[in-house]
Number of protein chains: 2
Amino acid sequence: MARELGADMVLAGESVERYCRDWHGDVTTGAVAVLRPRTTEDVSAAVKACAALGLSIVPQGGNTGLVLGATPDQPTRQVVVSLERMTRIRRIDADDFSAVVEAGCILSEFKDAVAREGMFFPLALGAQGSCRIGGNVSTNAGGINVLRYGMTRELVLGLEVVLPDGSIFDGLSTLRKDNRGIDLKQLFIGAEGTLGIVTAVSVKLTPEPDQVATALLGLNSLDDAIALFRRARRDCCDLMSAFEFMPPLAFVLAREAIPDLAMPIAGDYRAYVLLEISGSGLVDIADLMERFLGAVMEEGLVADGVIASSQGQARNLWLFREGMNEGQAKRGPHLRTDLSVPLSRLADFVRDAEKAVADVLPDCVCVSYGHVGDGNVHLNVLPPGDLPRAEIDARIYKAKTAINEVLDTYQGSISAEHGIGRLKRADYITRLPAVRRELLTALKSAIDPTFVMNPGCQLNIERSS
Amino acid sequence: MARELGADMVLAGESVERYCRDWHGDVTTGAVAVLRPRTTEDVSAAVKACAALGLSIVPQGGNTGLVLGATPDQPTRQVVVSLERMTRIRRIDADDFSAVVEAGCILSEFKDAVAREGMFFPLALGAQGSCRIGGNVSTNAGGINVLRYGMTRELVLGLEVVLPDGSIFDGLSTLRKDNRGIDLKQLFIGAEGTLGIVTAVSVKLTPEPDQVATALLGLNSLDDAIALFRRARRDCCDLMSAFEFMPPLAFVLAREAIPDLAMPIAGDYRAYVLLEISGSGLVDIADLMERFLGAVMEEGLVADGVIASSQGQARNLWLFREGMNEGQAKRGPHLRTDLSVPLSRLADFVRDAEKAVADVLPDCVCVSYGHVGDGNVHLNVLPPGDLPRAEIDARIYKAKTAINEVLDTYQGSISAEHGIGRLKRADYITRLPAVRRELLTALKSAIDPTFVMNPGCQLNIERSS
């Protein structure tokens, strides 16, 4: 392989290991080689070389995915193609409210470069210091700003993709409106590399929201949190940029990870909401936040609350949200979910699903938090940390089964924002109606007839050999 | 056919004519029959019956399309399937910010029903009193609110589609976030019925923007209009809902159609902008408009302007925009275009394209107007009305060729919001890169292997017989 592609592109032996271990470190596999192209043409050559050798390809960005979409599962037949060297920002055009960036650019580096031009790229997620924009596109990443700006799909204007035959789909237009028939780029967004390798992306930018108001609120129930969301959606119009809910346990977990975190609210409440309103220009965001909270506190919908009076304080409020995740990790292996249900049924779902878990696993603890406005809840389940690993795993499996049974009665999704990858493949396929499965199979067979692209991911259609 | 499907579903003979004439009345063809199903199962039966008889299908909504996407072109081999009887609104759920509606529901009737629940469906276009929501989805319709709310694609949460084999794709979820792999519904949005027949749609709703501020502004150039847009995008944040530009001729044309229309601005300016800001709740929209205009007028970016002081006045300002279209129609046959270019190059493009037309057609008049924030311009060309039809047609063709030559140098789109249909097919295919054409052909062949769905539209792939 080094002969065809040049030694510079090919890694083999021990150095491939870090590309074959998932983000959580739960799974370590191997690969025939790791290819690290520097250009789109390199990627094309890599795809052709792999096809010629009968090897299949696992495309990889920052390797921060949570569903094993970029982790090989057939070490002797798969090659990882890492985009980590294609990091160039090809263009930032503030006048056009757009930018063109290569797939391997780290999200936060891109966001920073955009900010230096006075503009804003809204995608925001925990992994943004490590994840790469091509991976964000391939997984249609979500995050905390989806409420206002949509998933990654809604931020993408165009794509450059190397197709399974090595040809290059050249679609880096920045047109806002281009209604020329079927929109092919949509196929590759969320396909997790099963139809091609995204090598560059053109995206929408917005003006930098230079006013941000952040508040942490205590409420009497999750139902109240949902009522508050509806109210905020109307009262704060399209200026709300985050509405996250957390249980009381969030604070306990956050302080297990970050012991000196100061409690922002004195009382104990059944539900907490992290609310962010933001904007630019002539809109007075601080005033809007104050008037909104004044009204809903007077009505009793919000029991207590604190508005951050500085960027540092706002950062501290978000630290609870982030620390909560670290705290869960510290308690040992646990079930992480990424579910969505219709917004109007979120509180009922959380109640029913937590009850279902408590019924079968009385010694486990549920932590439900997430993005209210998207109907997206991460309902995680923590087994006691001192159990043997096999018993922990059995509880994780049991908890997932109990939650998914409830989820199915709500017509919910087992993956709101993380994708399918290999981790959720079985749960995905089980729930896939025959008509969809046939369409997806026809599509995959039409675009990747030799099944070279990320076999094992999503549908798991294999080359018949 | 009446035997298989029941006489109630089938129209034949003279009564098919109105389904075989396009919106402008330019083209009248015919069809073997018109089928008017009442249910999704009826549509499925219709598709199967047509396939069995070797007939192909032209799906039709309100028949208001502008590119002959729903007009048959092979009268002896095509059947029109009209969705006009599937008009039911299945559900409006204000708490879920969603609704489910059948494809044949007229857009304005749906919008009114949504408004009665205190909610808002943002899609807004000239034909909304006649067009049907399934057609809006199939053409990915645009309109005046795209700037704030996106094209139809961004409003769709789920679809029900009858596929070319008669099977039913059942995807009317209202989940805001559902990241389970490849998003199949995207294929059908903008496909103009070439991959299946959309029978129902689930859509996003937003709170009703009960505050609307509308202003008509006079500016010294289109460049200033674009600078003003950039400024408004930042100063008015995400609260701008329309930013339309018009040439001085707009007023002349509007008054040719509506003679008693009062001139809202006294002076003569080179460019006019119709600006709308809107919102709900605690945001003070009127105040925002006043402060914004105060600032930009003081700076000289806007020369003159009037803010509507009532809904009636706002309606009058919009009448200029609508009357301008009627006025063009009154001047006789003319070139209508629907182009987009990168936002940062819109003014240059209009200048270059108008010059190219003037060079080859000195006796024609250009009318350029459109949606600045989307880079979308309708650059129409009016030949002298007293010429013989053949000479008018020759000028229309010549104007289109001159404009498209300029457009290609700007990497623009020949269809920003209207679709391809049959009218733009040749211009579309000529510009289609080989990689895209191959992908589209593979896709069509995979999903509609017998080419039963809307042949002649977009790619014009035919059954090989």
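Residues numbered from 1 in each chain as written. Chains lettered and ligands numbered in written order. Predicted model: local features only at pLDDT ≥ 70, side-chain atom pairs only at ≥ 80, totals over all residues. Heavy atoms only, no water.

Chain A goes by FAD-binding oxidoreductase in an unreviewed UniProt entry, where it is assigned to Ferirhizobium litorale.

Chemist: Explain the overall build of chain A to me, using residue names and the numbers behind them.
Modeler: The helix and strand inventory of chain A stands at 14 helices and 18 strands. Seen through its principal axes, chain A has C-alpha atoms that stretch 70 × 55 × 45 Å. Buried positions account for 60% of the 465 residues belonging to chain A. Put simply, of all contacts in chain A between residues at least 6 apart along the chain, 73% involve residues at least 24 apart. Here chain A has roughly 16900 Å² of accessible surface; of this, 49% comes from carbon and sulfur atoms. If the 48 positive side-chain charges of chain A are averaged to one point and the 60 negative ones to another, these points end up 4 Å apart. (Helix = DSSP H or I, 4+ residues; strand = E, 2+ residues; numbered from the N terminus. Buried < 20%, exposed > 50% of the residue type's maximum accessible area, 1.4 Å probe, protein only. Contact = heavy atoms within 4.5 Å. Areas by Shrake-Rupley, 256 points an atom, 1.4 Å probe, with all protein chains shown as cover. Lys, Arg positive; Asp, Glu negative; His and termini not counted. Charge placed at Lys NZ, Arg CZ, Asp CG, Glu CD.)

Chemist: Got a sec to walk through unusual backbone geometry? Specific residues and values, please.
Modeler: Comment: phi is negative for the bulk of residues other than glycine, and the bulk of peptide bonds are trans. Residue and element names in this part refer to chain B. Backbone geometry at Leu 68 places phi at a positive 60°, although glycine is not the residue there. Within the secondary structure, Leu 68 is located in the loop between strand 3 (56-60) and strand 4 (78-82). Positive phi, close to 50°, is recorded for Gln 411, a residue that is not glycine. Relative to the assigned elements, Gln 411 resides in the loop between helix 12 (389-409) and helix 13 (425-430). Judged by its relative accessible area of 59%, Gln 411 falls in the exposed class.

Chemist: Break down the nonpolar core for me, with residues and values.
Modeler: Core analysis: the biggest nonpolar cluster contains 202 residues, and Phe 349 of chain A together with Phe 349 of chain B have the highest contact counts within it. Non-local contacts of Phe 349 of chain A, meaning those with residues more than four positions away in its chain, are made with Leu 339, Val 341, Val 377, Leu 379, Ile 403, Val 406, Leu 407 and Tyr 410 of chain A. Formed by 24 residues, the second largest nonpolar core is a distinct cluster that contains Met 246, Ile 258, Tyr 369 and Leu 382 of chain B. (Core = buried A, V, L, I, M, F, W, Y, C linked by side-chain atoms within 4.5 Å.)

Chemist: So what's going on with the environment of Leu 346 of chain B? Which residues, and what values?
Modeler: All names here are of chain B. As for its position among the elements, Leu 346 is in helix 11 (residues 346-360). Owing to a relative accessible area of 0%, Leu 346 belongs among the buried residues under this scheme. C-alpha of Leu 346 to C-alpha of Arg 180: the two residues are 166 residues apart in sequence and 38 Å apart in space. Apart from residues no more than four positions distant in its own chain, Leu 346 is found in contact with Ile 226, Phe 245, Val 341, Val 372, Gly 375 and Val 377.

Chemist: Can you explain the interface of chain A and chain B? Please cite residues and give values.
Modeler: Residue-level contacts link 89 residues of chain A with 89 residues of chain B. Joining chain A to chain B, the criterion identifies 12 salt bridges. As a salt-bridge pair, Lys 177 of chain A and Glu 417 of chain B come within 2.7 Å of each other at their nearest N and O atoms. Connecting chain A to chain B are 38 residue pairs in polar contact (both at pLDDT 80 or more). Those elements that provide at least two residues to the side of chain A that touches chain B are helix 5 (146-149), strand 9 (168-171), helix 6 (185-188), strand 11 (206-207), helix 7 (222-235), strand 14 (271-279), helix 9 (285-298) and helix 14 (434-447) of chain A. (Salt bridge = Lys/Arg side-chain N within 4 Å of Asp/Glu carboxyl O. Polar contact = N/O pair within 3.5 Å; in protein donor to acceptor, adjacent residues only side chain to side chain.)

Chemist: Before we move on, can you summarise the UniProt feature "domain: FAD-binding PCMH-type" (unreviewed entry) in chain A with the specific residues and values?
Modeler: In the numbering used here, UniProt assigns the feature "domain: FAD-binding PCMH-type" (unreviewed entry) to residues 27-208 of chain A. Counted over residues 27-208 of chain A, helix gives 21% and strand 25%. Its end C-alpha atoms are 39 Å apart. (UniProt positions renumbered as here; feature names shortened; annotations may be inferred.)

Chemist: Requested: an account of the pattern of salt bridges, with residues and values cited.
Modeler: If you walk through the whole model with that rule in mind, you get 70 salt bridges over all chains. Its salt-bridge partner being Arg 231 of chain A, residue Glu 299 of chain A comes within 2.7 Å of it at the nearest N-O pair. Taken together, the residues span a long stretch of sequence, with Glu 299 of chain A in the loop between helix 9 and strand 15 (304-307) and Arg 231 of chain A in helix 7 at a distance of 68 residues. As a salt-bridge pair, Arg 422 of chain B and Asp 73 of chain B come within 2.9 Å of each other at their nearest N and O atoms. Within this pair, whereas Arg 422 of chain B is found in the loop between helix 12 and helix 13, its partner Asp 73 of chain B is found in the loop between strand 3 and strand 4, the two being separated by 349 residues in sequence. Several salt bridges converge on common partners, so that one network encompasses Arg 88, Arg 90, Glu 102 and Glu 160 of chain A.

Chemist: Which residues make up the sheet that holds strand 9 of chain A, and what values do they have?
Modeler: Residues and elements named next belong to chain A. Spatially, five strands are ordered 5-6-10-8-9 in an open sheet, and the strand pairing comes out antiparallel. Each edge of the open sheet carries a strand with a single partner, namely strand 5 (89-93) and strand 9. This sheet shows a mean twist of 15° between the axes of neighbouring strands, independent of strand direction. With four bridges connecting them, strand 5 and strand 6 (residues 98-102) associate as antiparallel partners. If you follow Asp 93 over to strand 6, its bridge partner there is Ser 98. Each of strand 5, strand 6 and strand 10 (197-204) is contacted by helix 3 (residues 107-116), which is oriented at about 35° to strand 5, the strand it contacts most. (Pairing = 2+ DSSP bridges. Axes fitted to C-alpha atoms, helices over the stretch in contact; angles between N-to-C directions.)

Chemist: Give me the lowdown on the sheet that holds strand 12 (residues 211-219) of chain A, citing residues and values where you can.
Modeler: Residues and elements named next belong to chain A. Pairing within the open sheet is antiparallel, and its seven strands lie in the order 15-12-14-13-17-18-16. Both edges of this open sheet fall to strand 15 and strand 16 (339-340), since each of them pairs with a single strand only. Across two bridges, the pairing between strand 16 and strand 18 (residues 376-382) is antiparallel. For Leu 339, the partnering residue across the bridge sits in strand 18 and is Val 377.

Chemist: Which residues make up helix 12 (residues 389-409) of chain A, and what values go with them?
Modeler: Residue and element names in this part refer to chain A. Helix length check: helix 12, at 21 residues, gives a terminal C-alpha distance of 31 Å against a target of 30 Å (1.5 Å per residue), a fit within 8%. Among the residues making up helix 12, those that are buried are Ile 392, Arg 395, Ile 396, Ala 399, Ala 402, Ile 403, Asn 404, Val 406 and Leu 407. Elements that come into contact with the buried residues of helix 12 comprise strand 16, helix 11 (346-360), strand 18 and helix 13 (425-430). Gln 411 occupies a position one or two residues after helix 12 and carries a positive phi of about 50°. (Expected span 1.5 Å × (residues − 1).)

Chemist: A description of the pairing of strand 4 of chain B should follow, citing residues and the corresponding values.
Modeler: Residue and element names in this part refer to chain B. Most of strand 4 sits inside the fold, with five of its five residues counted as buried. Because side chains alternate across strand 4, one face comprises the buried residues Gln 78, Val 80 and Ser 82, and the other comprises Val 79 and Val 81, equally buried. Here strand 2 (residues 33-35) pairs with strand 4 via three bridges, running parallel. Paired with Ala 33 across the bridge in strand 4 is Val 79. Relative to strand 4, strand 3 runs parallel, the two being bridged by five bridges. Across the sheet, residue Ser 56 finds its bridge partner in strand 4, namely Gln 78.

Chemist: Run through the packing of aromatic side chains, naming residues and quoting values.
Modeler: Tallied over the full model, the rule gives 18 aromatic pairs over all chains. With centroids separated by 5.9 Å and ring planes inclined at 70°, the aromatic side chains of Phe 97 of chain A and Phe 229 of chain B adopt a geometry described as edge-to-face. Remark: Phe 229 of chain B occurs in helix 7 (residues 222-235) and Phe 97 of chain A occurs in the loop between strand 5 and strand 6; the pair is interchain, linking two chains. As far as the burial class goes, Phe 97 of chain A and Phe 229 of chain B line up, both buried. For the pair Phe 229 of chain A and Phe 243 of chain A, a centre-to-centre distance of 5.4 Å together with 80° between the ring planes defines the contact as edge-to-face. Of the two residues, Phe 229 of chain A is situated in helix 7 and Phe 243 of chain A in strand 13 (residues 240-246); the sequence distance between them amounts to 14 residues. (Phe/Tyr/Trp six-rings, centres within 6.5 Å; stacked < 30°, edge-to-face > 60°.)

Chemist: I'd like a rundown of the relation of the copies chain A and chain B, residues and numbers included.
Modeler: Mapping chain A onto chain B is achieved by rotating through 180° and translating by 0.0 Å along the same axis, at an RMSD of 0.0 Å. The two molecules are tied by a two-fold rotation axis, judged by turn and shift. Mapped onto chain B, 100% of the interface residues of chain A are again interface residues, and the two copies thus contact each other with one and the same surface. (Least-squares fit on C-alpha atoms with pLDDT ≥ 70 in both.)

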